[in-house]
Structure formats: C-alpha cells, structure tokens
Amino acid sequence: MLEEKLKHIIRDVYDFPKPGIVFKDITPLLQNAQLCEEMVDAFVEQVKDCKLDAVAGIESRGFLFGMMLANRLKIPFVPIRKQGKLPFHTISESYALEYGQATIEIHEDAFPKGSRILIHDDLLATGAL
C-alpha cells in the first residue's frame, strides 16, 4: 500500500529548522522513481474528476510533484514563488509559520479569474505547538 511505503521512506528530521519542528524530508522519496510514479498516479486518481484548469505549486517542494501532476493531467502548471523571485507584475500573500513568517507571490496574469486551480505543496511538517 502506498501509504505504508511513504511512512517508511519519508524521514523525520527533528529540530529543523529550529527546535520543536519535525521536518518531513522527502529526499529519499525523490530517489525512488517507481514510488514517485505511484505518488503521481494517486494524485491523479484523487483529482481526475475535478475539472481543473491548472495546478499551482508552492516553492519549492510543491514544484516537484505539482509539475508532474499538471503534466499528467495535461493542464498548465503555475509556480507560486518566494517573494522577489518572479520577474513580472505579482500579487503576494504573507502568512505565519511555526518558525517565523513568509511571503509568496504569483504573477498577476497566471490564470484567468474564475479558474479552478489545485494548489499543491509538499508534506507539511511539524509537531510544534
């Protein structure tokens, strides 16, 4: 079963990037092409009937499977980047993290108003309170 495989391959890195955080390291997963393929298959199965217009992936680990998912669904991929990384007119959103604050940006013309967008990000850490 995919869930069990993932539990065994994704490693916990404790106290990263600061004490109290449990970081979920997907590097071992990325080294296993077959398991990555299974992950994309599972994602496709979950969203195949959603009538999506694009997949947006949050920098940087959201790019990894987000791009593969968009390609498999044959729809555009939209990068959501860290502040200051996109070259054109952007809109931004700031949010709180367990260990600080971050701001992400997207191009203003990334997709038309009313589009159905799947936002993809990586596994979320944490365990911090």
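As a reminder, the structure under discussion sits directly above these lines.
Only a predicted model underlies this, so the values are computations on that prediction, with no experimental measurement involved.

**Examining the pattern of salt bridges**
Argument step 1. For the coordinates displayed, the defined rule picks out nine salt bridges.
Argument step 2. With a shortest N-O distance of 2.9 Å, Glu38 and Lys5 are connected by a salt bridge. Of this pair, Glu38 sits in helix α3 (residues 33–47) while Lys5 sits in helix α1 (residues 2–9), and the two are 33 residues apart along the sequence.
Argument step 3. The salt bridge partner of Glu37 is Arg72, with a shortest N-O separation of 2.6 Å. Taken together, the positions of Glu37 in helix α3 and Arg72 in helix α4 (residues 61–73) put the pair 35 residues apart, joining distant regions of the chain.
Argument step 4. Classification of Glu37 by relative accessible area gives partly exposed; the value is 39%.
Argument step 5. A network of salt bridges, in which partner residues are shared, links Glu3, Glu4 and Lys7.

**Some words on the packing of aromatic side chains**
Argument step 1. The tally for this structure, following the rule as stated, stands at three aromatic pairs.
Argument step 2. Seen from their ring centres, Phe63 and Phe77 are 5.8 Å apart, and the 90 degrees between their planes marks the pair as edge-to-face. Of the two residues, Phe63 is situated in helix α4 and Phe77 in strand β4 (residues 77–82); the sequence distance between them amounts to 14 residues.
Argument step 3. Since its relative accessible area comes to 21%, Phe77 is described here as partly exposed.

**Structural notes on α4**
The periodicity of an α-helix, 3.6 residues per turn, causes residues three or four positions apart to be oriented the same way.
Argument step 1. Between the first and last C-alpha of α4 there are 19 Å, a value that for 13 residues agrees with the 18 Å anticipated at 1.5 Å per step.
Argument step 2. Among the residues making up α4, those that are buried are Arg61, Gly62, Phe65, Gly66, Leu69 and Ala70. Viewed end-on, α4 has its buried residues packed into an arc of 140 degrees, placing them on one side of the element.
Argument step 3. In the core, the buried residues of α4 are packed alongside β2 (22–25), α2 (27–30), α3, β3 (54–58), β4 and β7 (117–120).
Argument step 4. Just downstream of α4 lies Lys74, where phi reads positive at about 60 degrees.

**Things to note about the packing of α1 against α3**
Geometry of a packed helix pair, given as the angle between the helix axes and the separation of the axes.
Argument step 1. Their axes nearest at 11 Å, the elements α1 and α3 cross at an angle of 130 degrees. Comparing their axes, α3 and α1 come out oblique. Here α1 and α3 pass one another in a crossing that is left-handed. Contacts from Leu2, Lys5, Leu6 and Ile9 of α1 reach α3 at Leu35, Glu38, Met39 and Ala42.
Argument step 2. Grouping the constituent residues of the contact of α1 with α3 by class yields six nonpolar, no polar and two charged.

**A closer look at the nonpolar core**
Argument step 1. Formed by 19 residues in total, the largest nonpolar core has its most connected members in Leu6, Ile9, Leu29, Leu35, Met39, Phe65 and Leu69.
Argument step 2. If you list the elements that add at least two residues to this core, you get α1, α3 and α4.
Argument step 3. Not counting the four nearest positions on each side in its chain, Leu35 is found in contact with Leu2, Lys5, Leu6, Ile9 and Leu29.
Argument step 4. Core analysis: the next-biggest nonpolar cluster, separate from the first, contains seven residues, Ala54, Ala56, Val78 and Ile80 among them.

Cut-offs used in this document
Once a new chain begins, its residue numbering starts again from 1 and follows that chain's sequence as written. Thresholds applied to this predicted model are a pLDDT of at least 70 for local features of residues and 80 or more for the giving and counting of side-chain atom pairs; totals over whole chains, interfaces and linings are not thresholded and use all residues. To obtain the side-chain values, all non-hydrogen atoms of the structure were used and water was disregarded. By definition, a salt bridge exists where a carboxyl oxygen of Asp or Glu is found within 4 Å of a side-chain nitrogen of Lys or Arg. Here a strand is any run of E in DSSP of at least two residues, a helix any run of H or I of at least four, and the numbering for each starts at the N terminus. Burial here depends on accessible area, computed with a 1.4 Å probe over protein chains only, as a share of the maximum for the residue type. Under 20% is buried, over 50% is exposed, and the range in between is partly exposed. The rule is short: rings of Phe, Tyr and Trp, with Trp giving its six-membered ring, pair when the centres are within 6.5 Å, and they are stacked under 30 degrees, edge-to-face over 60, tilted in between. Given a helix with a known number of residues, its expected span is that number minus one, times 1.5 Å. The arc in question is formed by the directions pointing from the helix axis toward the C-beta atoms. Whether two residues touch is decided by their heavy atoms; if any such pair falls within 4.5 Å, the residues are in contact. Here an axis means a line fitted to C-alpha atoms, over the contact stretch when the element is a helix, while the angle between two N-to-C directions is reported on a 0 to 180 degree scale. Working definition: roughly parallel below 35 degrees, roughly antiparallel above 145 degrees, roughly perpendicular at 65 to 115 degrees, and oblique for all remaining angles. Take the far helix as the reference: if the near one is turned anticlockwise from it by less than a right angle, the crossing is left-handed, and if turned clockwise, right-handed. Gly counts as polar in this scheme, as do all residues outside two lists: the nonpolar Ala, Val, Leu, Ile, Met, Phe, Trp, Tyr, Cys and Pro, and the charged Asp, Glu, Lys and Arg. Throughout, nonpolar core names a set of buried Ala, Val, Leu, Ile, Met, Phe, Trp, Tyr and Cys residues whose side chains join them through atoms within 4.5 Å.

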